[in-house]
Amino acid sequence: MPHTMRRSLAAATAVLLGATALTACGSSGSGDGAAAGSGPVSLTYWAWAPGMDKVVALWNAEHPDIKVTVQKQASGDDLVTKIITAAKAHKAPDLVQAEYQALPTLVSNDALADIAPDVAGVKDKFAPGIWQQTTFGGEAVYALPQDSGPLMFFYRQDLFKKYGLSVPTTWEEFAATARDLKKKAPKQSLTTFSANDSGLFAGLAQQAGAAWWTFEGDTWKVGIDDAATRKVSDFWGGLVAEGAIDNQPMYTPSWNKAMNTGEQLAWVSAVWAPGTLTTAAPDTKGKWAMAPLPQWTEGGSSTGSWGGSSTAVTTDSKHKKAAAQFATWLNTDPVALAALVKESGIYPAATAAQTSGALAKAPDYFANQPDFYTRAAEIAKTTAPAAWGPNVNVAYTAFKDEFGKAAKAKSGFDTALTAVQSATVTDLRKQGFEVAK
Amino acid sequence: MTGLASPPLRTTVNGDGRAAGTTPGASQGRPRPRRTALLPTAALVLGALYCLLPVAWVVVAATKPDNELFSTFTFLPGDGIADNVTDLSAYRDGIYWRWMLNSVFYAGLGAVLSTVVSALAGYALAIYRFRGREAFFNVMLTGVLMPPVILAIPQYLLMAEADLTDSYASVLLPLILSPYGVYLGRIYAEAAIPMELVEAGRMDGAGEWRIFRRIAVPMMAPGLVTIFLFQFVAIWNNFLLPFIMLGDDEKFPMTVGLFTLLKQGASQPSLYTLVITGALLAIAPLIALFLVIQRFWSLDLLSGAVKS
């Protein structure tokens, strides 16, 4: 088997190199006691981003004393369950890739280590809204931000021109544009509200200033039906109810078709939208443009995020210092970040990388908008803080069920939001957390 | 389908002169005219469509290049099958074929081992009288009712105690003892092996092991083939156990491997074309196995062995 052979060769090389490094010079400046003391350190890393093994190969070439092996996993809630199960048996890998909203779940299951002492000075490399999501606003650091998905407004430039629409800067204008389009072209819609994509709704609520989970002392407070979220859900529920926008879910074949044929003119999505559009709407390449997300107040500038993940060190790791060193390199080193952009197609969370050479050129699909990433970086800076709790998965599932029903019935989202709130609170209590009334 | 087109009062007669569908007792008289049953036929055709349409979809979808997958008519074949297979083989240096080999290894070895255990246990339960036999069998029966899914996490924690997680053994070991296989083994041994034959063997001086090997196993062969196939398919399609047990993606079976292509994070489009092509190729070994093995089913070694 060529794989096994290559692997064992690589391992042999690493061991050899490591041994040489040890005998030749004790300190290579890595400052990792464990690595210097007990020979080369071997770390395993569960990640799902495509091409991560190639990025890690760069690290391994430079750091023979700390060898990282990527074990590619499938992303999503199932992986969170897998990590927690492995942590219960003390068999978790040294490093894991984790979505921001999964971090509280992992931390409350004691799966992630606090690496604050090993990553001093890293904080300033990230936007505060992002950093807060890996630290929960405290001193402990449970993960380093890797990629982010600031929300933006994508629209069909050609069709906007054709129907005489202007790009909305506020949500009020957004609603007016949707109604205007319906009048001019009843068969087309500005966009759709997808009850399948809890993450997008969470991002929109985040922009409006919602705080879904907050923590005070020993008690959690769930604010899914807070005023900000209610504003967002009333807005979208109203548009769906009056028929101004579509109500079909995203990422289905029929949605792909609607995007590809111009049945839908716009998409509220994140910075990674070009990748999705390339496969969903291949025929409309070069006809789209990106603008900042519409605002709740005239002249405001704030956005939410959809997606994004971080690198965390587990409590099971026997080499936390080395693992933290690798995580720091992966998410702050210009070489690593350039490779992540190229190989994994991520949008880096590190602010310096957002305007770096790797992102100098607009994505192919948006070749008509050469300053795509310059504008994206400006938008990314305005990301509002997000507040995640230990049972985001439960809230997300409840969202899909309740909002799915309401969107289909076009009955407004009032009761749906209340139902999501109470399902989340009930589950938190059941898990044994204190929940404030 | 011909049944639908034929006139409703046509008589269908089998080769041996009996009216199809009549019981042997009734058939001793003259052949009876029979109405073609429209309703059952329609129901069966619907059932067949229900089973075959998704397969047809996979076959057609695997021929479409990326940009046609969702945009052209669903059952209009594309011309990208060769490219899709090439892309799949190129994906991460051909790791798909490694997953395929892993699946063959897990399913092949797992099914063989589990068939051996089922044969031994089934034979013992059927032939020997010993204390606690029924109790043991009943406990096994409850195992049949227990879905393997709920056992995956306890099994993981047990494997972790033994320091065996993330190894080939961690996936193989839990599959060796199959309650359903033991159950089938016992039922089949009881039906296929007459006690007289076992006693005749003893009379002639054969040891118990020799009787099992030389007399019982050949007689149980069709049943053992069934157990083997059941287990092979079950392990081939198994998802949760390897998903929980394995961290190293080079040890993944195909099911878990293809899942990583579907879920690459919220910002990455799923590699639908590759997954569909991979799923289609994954059926091929199963079909081949069925074609090769099905002839053993017709073997009936019992015929003529004893007078009844």
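Described below are features of the structure shown in this document. (Residues numbered from 1 in each chain as written. Chains lettered and ligands numbered in written order. Predicted model: local features only at pLDDT ≥ 70, side-chain atom pairs only at ≥ 80, totals over all residues.)

## Structural notes on the interface of chain B and chain A
Size of an interface, as often reported, equals the accessible area lost when the parts are brought together.
And then number 1: Between chain B and chain A, the contact holds 26 residues from the first and 35 residues from the second.
And then number 2: Every element with two or more residues in the side of chain B that touches chain A is listed here: helix 6 (152–161), helix 11 (240–245) and helix 12 (254–262) of chain B.
And then number 3: For the side of chain B that touches chain A, the leading source of residues is helix 6 of chain B, giving four residues.
And then number 4: Class assignment for the residues of the side of chain B that touches chain A results in eleven nonpolar, nine polar and six charged. (Contact = placed C-beta atoms within 7 Å. Helix = DSSP H or I, 4+ residues; strand = E, 2+ residues; numbered from the N terminus. Nonpolar A, V, L, I, M, F, W, Y, C, P; charged D, E, K, R; others polar.)

## Observations regarding the nonpolar core
General note: in soluble globular proteins, nonpolar side chains tend to be found buried as a group.
And then number 1: Counting residues in hydrophobic clusters, the biggest one holds 138 residues, and the most contacted among them are Leu106(A) and Phe326(A).
And then number 2: Mapping this core onto the domain boundaries places at least three of its residues in each of domain 1 (2–148 + 306–359) and domain 2 (150–305 + 370–435) of chain A.
And then number 3: Filtering out sequence-adjacent residues up to four positions away, Phe326(A) remains in contact with Leu43(A), Trp59(A), Ile66(A), Val68(A) and Leu95(A).
And then number 4: Formed by 48 residues, the second largest nonpolar core is a distinct cluster that contains Ala107(B), Tyr123(B), Ala189(B) and Ile244(B). (Core = buried A, V, L, I, M, F, W, Y, C linked by C-beta atoms within 7 Å. Buried ≥ 20, exposed ≤ 12 C-beta atoms within 10 Å, placed from the backbone. Domains from an automatic or database assignment.)

## What about the sheet that holds strand 5 (residues 213–216) of chain A?
Backbone hydrogen bonds are what pair the strands of a sheet, in a parallel or an antiparallel way.
Residue and element names in this part refer to chain A.
And then number 1: One open sheet holds the three strands; their spatial order is 5-6-10, and the pairing between them is mixed. Of all strands in the sheet, those bounded by a partner on one side alone are strand 5 and strand 10 (434–435).
And then number 2: Relative to strand 6 (residues 219–222), strand 5 is paired through four bridges, and the arrangement is antiparallel. Of the residues in strand 6, the one forming a bridge with Thr214 is Lys221. (Pairing = 2+ DSSP bridges.)

## Concerning the pairing of strand 7 (residues 266–270) of chain A
Residue and element names in this part refer to chain A.
And then number 1: For strand 7, the buried fraction is high: five of the five residues fall into the buried class.
And then number 2: Of the two faces of strand 7, the one lined by Ala266, Val268 and Ala270 and the one lined by Trp267 and Ser269 are each fully buried.
And then number 3: Of the strand pairs in this sheet, strand 4 (residues 144–156) and strand 7 are connected by five bridges, and their pairing is antiparallel. Across the sheet, residue Tyr155 finds its bridge partner in strand 7, namely Ala266.

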